Each structure stands twice: as structure tokens, then as C-alpha cells.
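# Fold and geometry: a report
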Number of protein chains: 2
Amino acid sequence: MKRAKERTIVFENEAYITEGASIAGQKEGEGPYGDTFDQIIEDDLLGTETWEKAESELLKRTVLRCIEKSGKTKTDVDAFLAGDLNAQIISSGFAARDLGIPFLGMYGACSTMIESILTGAVFVASGAFHTVVCAASSHFCTAERQFRTPLELGTQRPPSAQWTATAAGACMVEKEKSAIEIKSGTLGRVIDLKIKDPAHMGAAMAPAVADTLFGHLTDTKKSIRDFDKIITGDLGKYGLSILKEIVKEKLGEEADDIFFDCGENLYRDNQDVHAGGSGCGCIAGLLSGHILKEMKKGKYRKLLILGSGAMMSVTSSLQGESIPSISYAISLERCTDGIVS
Amino acid sequence: MKRAKERTIVFENEAYITEGASIAGQKEGEGPYGDTFDQIIEDDLLGTETWEKAESELLKRTVLRCIEKSGKTKTDVDAFLAGDLNAQIISSGFAARDLGIPFLGMYGACSTMIESILTGAVFVASGAFHTVVCAASSHFCTAERQFRTPLELGTQRPPSAQWTATAAGACMVEKEKSAIEIKSGTLGRVIDLKIKDPAHMGAAMAPAVADTLFGHLTDTKKSIRDFDKIITGDLGKYGLSILKEIVKEKLGEEADDIFFDCGENLYRDNQDVHAGGSGCGCIAGLLSGHILKEMKKGKYRKLLILGSGAMMSVTSSLQGESIPSISYAISLERCTDGIVS
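Residues numbered from 1 in each chain as written. Chains lettered and ligands numbered in written order. Predicted model: local features only at pLDDT ≥ 70, side-chain atom pairs only at ≥ 80, totals over all residues. Heavy atoms only, no water.

## Examining the overall build of chain A
We apply this condition: For helices the rule is a DSSP run of H or I covering at least 4 residues; for strands it is a run of E covering at least 2, with both sets numbered from the N terminus onward. The classification of residues rests on relative accessible area computed with a 1.4 Å probe and restricted to protein chains. Under 20% of the type maximum is buried, over 50% is exposed, and intermediate values are partly exposed. Throughout, a residue-residue contact means that at least one pair of heavy atoms, one from each residue, lies within 4.5 Å. Each accessible area is a Shrake-Rupley result for a 1.4 Å probe, and residues are judged covered by the shown protein chains and nothing else.
Tallying secondary structure elements over chain A gives 10 helices and 15 strands in all. C-alpha atoms of chain A, sized along the principal axes, occupy 55 × 50 × 35 Å. Of all 341 residues assigned to chain A, the portion counted as buried reaches 67%. Put simply, of all contacts in chain A between residues at least 6 apart along the chain, 78% involve residues at least 24 apart. For chain A, the accessible area works out to roughly 11100 Å², and carbon and sulfur atoms hold 48% of it.

## Some remarks on the interface of chain A and chain B
A common measure of how large an interface is: the accessible area buried when the components associate. What counts is decided by this rule: Note on definitions: buried area is the accessible-area loss of two parts on being combined, 1.4 Å probe, summed for both. The term salt bridge refers to a side-chain nitrogen of Lys or Arg lying within 4 Å of a carboxyl oxygen of Asp or Glu. In protein, a polar contact means a hydrogen-donor-capable atom and an acceptor-capable atom, both N or O and within 3.5 Å, with residues adjacent in sequence counting only if both atoms are side-chain atoms; elsewhere, any N or O pair within 3.5 Å suffices. Classes in brief: Ala, Val, Leu, Ile, Met, Phe, Trp, Tyr, Cys and Pro nonpolar; Asp, Glu, Lys and Arg charged; the others, Gly included, polar.
Across the boundary between the two partners, chain A contributes 60 residues, which contact 60 residues of chain B. When the buried surface of chain A facing chain B is broken down by residue, Gln88, Arg97 and Gln319 of chain A rank first, second and third, together holding 15% of it. The interface formed by chain A and chain B includes 6 salt bridges. Two residues, Arg97 of chain B and Glu321 of chain A, come together in a salt bridge whose shortest N-O distance is 3.3 Å. Run the count over chain A and chain B and you get 28 residue pairs in polar contact (both at pLDDT 80 or more). Looking at the side of chain A that touches chain B residue by residue, the classes come out as 29 nonpolar, 17 polar and 14 charged.

## Regarding the side chain of Ser116 of chain B
Relative to the assigned elements, Ser116 of chain B resides in helix H4 (residues 112-125). Not counting the four nearest positions on each side in its chain, Ser116 of chain B is found in contact with Leu81, Ala82, Met106, Cys134 and Ala135 of chain B.

## Here we look at the relation of the copies chain A and chain B
Heads up, the condition is: Here the copies are superposed with least squares, the fitted atoms being C-alpha atoms of residues at a pLDDT of at least 70 in both.
Structural alignment of chain A on chain B gives an RMSD of 0.0 Å, achieved by rotating through 180 degrees and translating 0.0 Å along the axis. Within this description, the copies of the chain are treated as partners about a two-fold rotation axis. Both copies present the same face, since 100% of the interface residues in chain A are matched by interface residues at the equivalent positions in chain B.

## So, the environment of Cys171 of chain A
All names here are of chain A. Along the chain, Cys171 falls in strand S8 (residues 167-174). Classification of Cys171 by relative accessible area gives buried; the value is 0%. Sequence separation between Cys171 and Tyr267 is 96 residues, and the spatial gap between their C-alpha atoms is 22 Å. Setting aside chain neighbours within four positions, we find Cys171 in contact with Ile17, Glu19, Gly20, Cys66, Met113, Ile117, Val132, Val133, Cys134, Leu287, Ser288 and Leu292.

## Thoughts on the pattern of salt bridges
All names here are of chain A. Following the criterion strictly, the structure yields 46 salt bridges over all chains and no others. Between Asp269 and Lys237 there is a salt bridge, with the nearest N and O atoms lying 3.7 Å from each other. One end of the pair, Asp269, is in the loop between helix H8 (262-265) and strand S12 (277-278); the other, Lys237, is in helix H7 (residues 236-251), and 32 residues separate them in sequence. Judged by relative accessible area, Asp269 falls into the exposed class, the value being 71%.

## As for the environment of Gly25 of chain A
Residues and elements named next belong to chain A. Among the structural elements, Gly25 can be located in the loop between strand S2 (16-24) and helix H1 (26-29). Residue Gly25 is classed as buried on the basis of its relative accessible area of 3%. C-alpha of Gly25 to C-alpha of Lys60: the two residues are 35 residues apart in sequence and 15 Å apart in space. If we ignore the near neighbours within four places in the chain, the residues touching Gly25 are Ile40, Ile41 and Thr166.

## Some words on the environment of Val132 of chain A
Residues and elements named next belong to chain A. Its location among the elements puts Val132 in strand S6 (residues 131-138). On the basis of relative accessibility, which here comes to 0%, the residue Val132 falls in the buried class. Remark: the alpha-carbon pair of Val132 and Ala96, spanning 36 residues in sequence, is separated by 13 Å. In this structure, Val132 is in contact with Val77, Ala79, Leu81, Gly120, Val124, Cys171, Met172 and Val173, ignoring residues within four places of it in sequence.

## Notes on helix H6 (residues 201-220) of chain A
Residues and elements named next belong to chain A. The condition is simple: Working rule for helices: expected span equals 1.5 Å times residues minus one.
Counted at 1.5 Å a residue, the expected span for H6 with its 20 residues is 28 Å, and the 28 Å between its end C-alpha atoms agrees. With respect to burial, H6 is a largely interior element, 19 of its 20 residues being buried. Phi turns positive, to about 55 degrees, at Lys221, one or two residues after H6.

## Examining the packing of aromatic side chains
Note on aromatic pairs: each is described by the distance of the centres and the angle between the planes. The condition that has to hold: Between 30 and 60 degrees the pair is tilted, below 30 it is stacked and above 60 it is edge-to-face, where a pair is any two Phe, Tyr or Trp rings, Trp via its six-membered ring, whose centres lie within 6.5 Å. In this scheme, Lys NZ or Arg CZ marks a charge over a ring once it lies within 6 Å of the ring centre and within 35 degrees of the ring normal.
Considering all chains together, one arrives at 8 aromatic pairs over all chains under this definition. Consider the rings of Phe123 of chain A and Phe129 of chain A, whose centres lie 5.6 Å apart with planes at 15 degrees: the pair is stacked. A residue is classified by how much of its surface remains accessible, and Phe123 of chain A, at 0% relative accessible area, is buried. Note on Phe129 of chain A: relative accessible area 1%, which makes it buried. The residue whose ring lies beneath Lys27 of chain B is Trp163 of chain B, and the NZ or CZ to ring-centre distance is 4.3 Å.

## Let's talk about the packing of helix H4 (residues 112-125) of chain A against helix H9 (residues 280-297) of chain A
Residue and element names in this part refer to chain A. Here is the rule we go by: To get an axis, a line is fitted to the C-alpha atoms, and for a helix only the part in contact is used. The angle between two axes follows their N-to-C directions and goes from 0 to 180 degrees. Orientation is classified from the angle alone, with under 35 degrees giving roughly parallel, over 145 giving roughly antiparallel, 65 to 115 giving roughly perpendicular, and any other angle giving oblique.
It is at 8 Å that the axes of H4 and H9 come closest, and there the two elements cross at 55 degrees. The angle between H4 and H9 places the two elements in the oblique class. Within the contact between the two elements, H4 uses Thr112, Met113, Ile114 and Ile117 and H9 uses Cys280, Ile283, Ala284, Leu287 and Ser288. Residue composition of the contact of H4 with H9, grouped by class: 7 nonpolar, 2 polar and no charged.

## Examining the confidence of the model for chain A
Put simply, the rule is: pLDDT runs from 0 to 100 and stands for how confident the predictor is about each residue.
Looking at chain A as a whole, its pLDDT mean stands at 96, while 99% of the residues score no less than 70. At the level of chain-chain contacts, confidence expressed as ipTM amounts to 0.97, with global pTM at 0.98.

## A few points about H7 of chain A
All names here are of chain A. Counted only if it meets this: Think of the arc as the fan of directions from the helix axis to the C-beta atoms.
Here H7 spans 22 Å end to end across 16 residues, near enough to the 22 Å set by a 1.5 Å rise per residue. Burial in H7 covers these residues: Gly236, Gly239, Leu240, Leu243 and Val247. Buried residues along H7 cover an arc of 100 degrees about the axis, so they all sit on one side. More than 90 degrees from the buried face of H7, the exposed residues found are Glu245 and Glu249. On the buried face of H7, the contacting elements are H6, strand S10 (229-233), strand S11 (259-261) and H8.

## Re the pairing of strand S13 (residues 302-310) of chain A
Residue and element names in this part refer to chain A. Under the convention used in this document: The pairing criterion is simple: DSSP has to find at least two bridges between the two strands.
The buried fraction of S13 is high, at 8 of 9 residues. With 5 bridges joining them, S10 and S13 adopt parallel strand pairing. Paired with Ile230 across the strands is Leu304, a residue of S13. Sheet topology places S13 next to strand S14 (residues 325-336); 9 bridges connect them, and they run antiparallel.

## A word on the packing of helix H2 (residues 51-70) of chain A against helix H3 (residues 90-99) of chain A
All names here are of chain A. Stated formally: Two helices crossing with the near one rotated counterclockwise from the far one by less than a right angle form a left-handed crossing, whereas a clockwise rotation gives a right-handed crossing.
Where H2 meets H3, the axes come as close as 8 Å, and the angle between the chain directions of the two elements is 50 degrees. Put simply, H2 runs oblique to H3. Every pair of crossing elements has a handedness; the one defined by H2 and H3 is right-handed. On H3, the residues that touch Glu52, Glu55, Ser56, Leu59, Lys60, Val63 and Leu64 of H2 are Ile90, Ser91, Ser92, Phe94, Ala95, Asp98 and Leu99. When the residues that make up the contact of H2 with H3 are grouped by side-chain class, the tally is 7 nonpolar, 3 polar and 4 charged.

## Some thoughts on unusual backbone geometry
Residues and elements named next belong to chain A. Residue Asp234 is bonded to the preceding Gly233 through a cis peptide linkage, with omega at 5 degrees. Within the element layout of this structure, Asp234 appears in the loop between S10 and H7. The residue Ala109 is not glycine, and still its phi comes out positive at about 50 degrees. Assignment of secondary structure puts Ala109 in the loop between strand S5 (103-105) and H4.

Right, here's the structure in full:
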């Protein structure tokens, strides 16, 4: 591997996403990309007795589905990198217990999936591991009661609020050449513009996404037009419009059409989710399903994927802290017959 | 880098711990290794108004001290890898905000320091990064009120309970040859022998440590006598005695003298901490101070360091779940004049 340029690690035919799987809830299944998930769960408790156990089960099933689709077995997987929004990432920890695969616990809030893929790609590209699975999950009911209010209260939500997705995504990252190459990864810095409203996460996260986006472009000497799409997850409607404004101001040109936000696109307008979807499972689910599928079909050839996460907790908010955010980026490129097209 | 042998990554003159720093609280300062910390804080709020902000400040100061001791500046550091016990790892996230260094959030409970060093070593050994800082923190007051009972209750603690250390440790990991080489790292699996008592973490974690220990020995074809010491952190008195029993049963010989547990050794017997110390800062603080110093002095030449963490949360315990645990290992070797002695 080459020395990173600032905070961007460039891979040279060293790391590929060879398989992906995603499982989502009923509401996500009714969204515009519902048919891109491998499975829609009908029982959002997945046969368990608590939401937290259900989320862990969801994550575990998604990882197993990913491994099954790849034609490999659990013992072929060198490491499982994952995280989630629950305190002490219990969804991932308990899933790792059941899976028995060597585990690396990650935490980047809703950016965890991209943080995990970036880290997994380094383990693979270094030559240390051959096959890793990177995953993340979220569940509407675990997130609501942890971060917001008990579901039973039926509290009214402001228009800027986002809906935590019940979804999990898993990507297999391998050294073996395949259709989708991970070209580079850019680490995030924790950015805080002092937004304090936990019902307006998009506003808190947009500056972090902008920081990593411009960092990536500078480090790689690329422009935003070098990508077919820049995928963000999950800024939601308002966060995305803030990002577009920042980009316009910085670049002096409109580039609204280049962006696709997973949060804005997970649900339909009539699904009453206000600003859109959020949660680790939002970008994880759409990336591991819809986006990989579109790349394989050839609709997208070059993508920049920016996960974003709000690094707050209930405790930090109650203590009057603002919401610091982070964003990790990976760029993906479609290969054709072993040659980058 | 070479392909890992099972779950053990072997580094070949590719990753070194070039600097370390640790800061601890008053009680830790009164322990047997009190004089090995870079600083003892007198005010356990560190000038802030909450324990959580104090822990974040403690972590930040420790990282800055480590960078300062190395003669480098923040901009020389390619990445900061850290985690802590607080929900959503807020100590680390807020410290990363203030530091401004590209950040990778890790979570392995009390094993986080070793998980971070292992991961950081891969980023460095791969050639992607030159200099990373790996760190972890804990604070007695944040842990007590999150995991146990409000301090004000003064609840009686059973003899098997451990005392969460107020401490932080930071290690700089670099490609540049120095006195302490990271020879290898072994990933942990999440192991659960169905211990449910959160006041007996040592019992929950000992089987995970044994699993990683035997995994490491098998992968590297080494025996425990190949090390001057096997450092565990933080099993405490009872957890360590369980580990010793498991080792004796497996190897058919007593090897009690080879083990040094950070939890058992952080405090003095008369400091009323029952089974010993715990928390991410326990092994992080002793490794980044005492242990590195002893290696530099030549007292230890070959060490195996096993961090261990309990991957539970208050929610999982309240839901009747047992305590799944994980352990990561790194082996360290002292180099003399550029030649491994």
C-alpha cells in the first residue's frame, strides 16, 4: 500500500466489495428501494422479546445472508467489523458472540458502516486478511427509546426530525478482484458548529460531510464531477440542502444533481418521516443493496460514499453539549472484466 | 505485510510504539505504580462541571502529552484511534473534536486500548499512515453512574467488584524503528460463558482472555514461557485466578508467575478496591506508563499484552442477557540499537 495523501488512503487493486446483503423493516420495505433489500422482516421483534435483541438478530441475519450469498462460510471470514447506535454497541457485540467470527467493534454513529468498510479495506489491502465482513445496523424502536422519548408517549416530531431506519447492511471486503473496487478512503475529523437540536441532526452533520468531501477532493486532486454520484447518508432533506449550499459557496457552482442522500431517499414522501431516514442501517442498507446493485448493472461507475454520524449521547445533550459530527468517505469504482472501465 | 495466521497478524519491523503518556487520578496516584504516570490530577473534574466532560478532558490532555513528549505536533499525527466506556464513546468523540486529528472511533469495552493499538499498527504497517496515536480512558464517576448506581447512594460492593480507574493512556504507533516493536496482534472473538453478575466482570472476561491467549500461542507456535510476562488487563484478583486455573488445566502446568494483571496491580491492598481496578484506563494507563518504561529499561524484553472487555450494557443486563466478553492481544519486543536483542 502507498502512503496516504493527508487523510486519504489510496488502494491500488487491493480491496474490493465482493458481496453485499441487506435486511430491512416493513416501513423501509414500502419505501422506493424496498425491493432492493434481500429480505423485509414482517415481525420487527424478529422472534425475540426486546427491540435490542431484535436489532442484534437483524444484524446477525444480514451478515449470515451476506456470507451465504458469497458462497463462503463463516470460517472463511477473517474478521467482522461492525457497530451500531446502542450504548456499548450491544447489537454488534451480541451478534459477534453468535457469529463467532473475530470481531472489531467500531463506533462512528451513523457513519459506522463507512468507517468499518474503510478500516476493513486497510486490513485487507495490507495483506493481513483476505476476507472481512463490514456491517452496521439500526432499529427504529431501540433508537427512539434511547435517544428520544418512549414510543408509548407518541411525542410529536418537528419537521427537521429524521426517522431511524430499521435496517442492517453487510458488505464483504476482499483482496480478490471483483466488479466493485474500493479506490480510496478518507478519514473524518470531528466537526462541531455548535448545533444543539437533536431533532435537527442533518444540520449538525452537514459541515462534517463537507469537511470530509473537500478533504477527499483535495487529497485526490479530483472534482465532484469526477463522480457519477456523491452518496451521502444520512443528512435528510434539510441536512442535504445545507450541504448543497456549502458546496455551492465553496465551488461557486451548483452541483445539486450530483448528490443522492440515503436519508432523503429511504422513504416515500407520504410515509410521514419528516426530513427522511437516519440510523446506521440507513446507508448500510442502501449501500449493501440498491447501490451495489446499480453499480453491478453499470448505472454507476464512479461513486463517492460519505457516511455521517453525530457523536453525541443523551448524557452529552443533557449536559448542554452541542452535537459534534464526523464523516468517513470511500470511493468505489466499477471494474469490467478485470479492467477498470 | 504478511498474511495473518488465522487471527494473528504478524508485523515485520513495521510498527513500533515510539512514545507513551498516561494521566491518572488521585487514588491511582496512591497505588503502587503512582509514580509511573506522567501526571496525577488533583481535581477529578479537571476544571469542568461534569464527570463526562472531565473524562474527555483527561483523554485529550493525555494525547497531547504523548504528542508533546514525542517532539511532534498534532499535525504530524495521521490518525487518532480511541474509545471509552461511555455510551456512544463521548469521551473520545469530544476529545477528537478538540484535537482535530482524523479520528477512528473504536469500542472493545476495557479492551479498547489494545484493540486500538492493534488496528493502529495495521494502518501503520500497511504503509498508509506513518504516525497514529491510540488511546483510551475511563473515569470512576462516569462508569459508576452509567453502569452501577448513583455515587450518592454509597451502595455496598461485593468482594468480586472492581474499581473503575480514573486514568487515560495514549501510545504513539509509528513505522519508525524504536525501542519497542509491535511483533503481532491477535483479534478476539466474543466469548460468553453465561456469567450474569455485573459485579463479577473478571469471571465473565477470563474465558475470553484464555481464548485469545491460546489462539495467539497456536497461531504463532509459541508457548507462554516465550514471554517474560503475560500482561492482562483487567481481570482483577478473581478473574486472574480463573484464568490461571484455565491455563493450568489446558497446559497441565502451573504458570502463575508469568501473569501480571493491571487490574490486580493498579491499587494497593489497603485501598479498599475489592477485586482490583478496571475500566479502559486501567490497562491503558499502566501500559502507556509503567510497562513501556520497564521495557525501555530492559526489565522486560518480550511481553504479551491481553486487553479484555465486557461487551454488555445496562440495557442488556436489565433484559436478562449474560455478559459476553472479548480480548485482544498484542505482543511487544524490546529492540536494542536497531537489533532485536
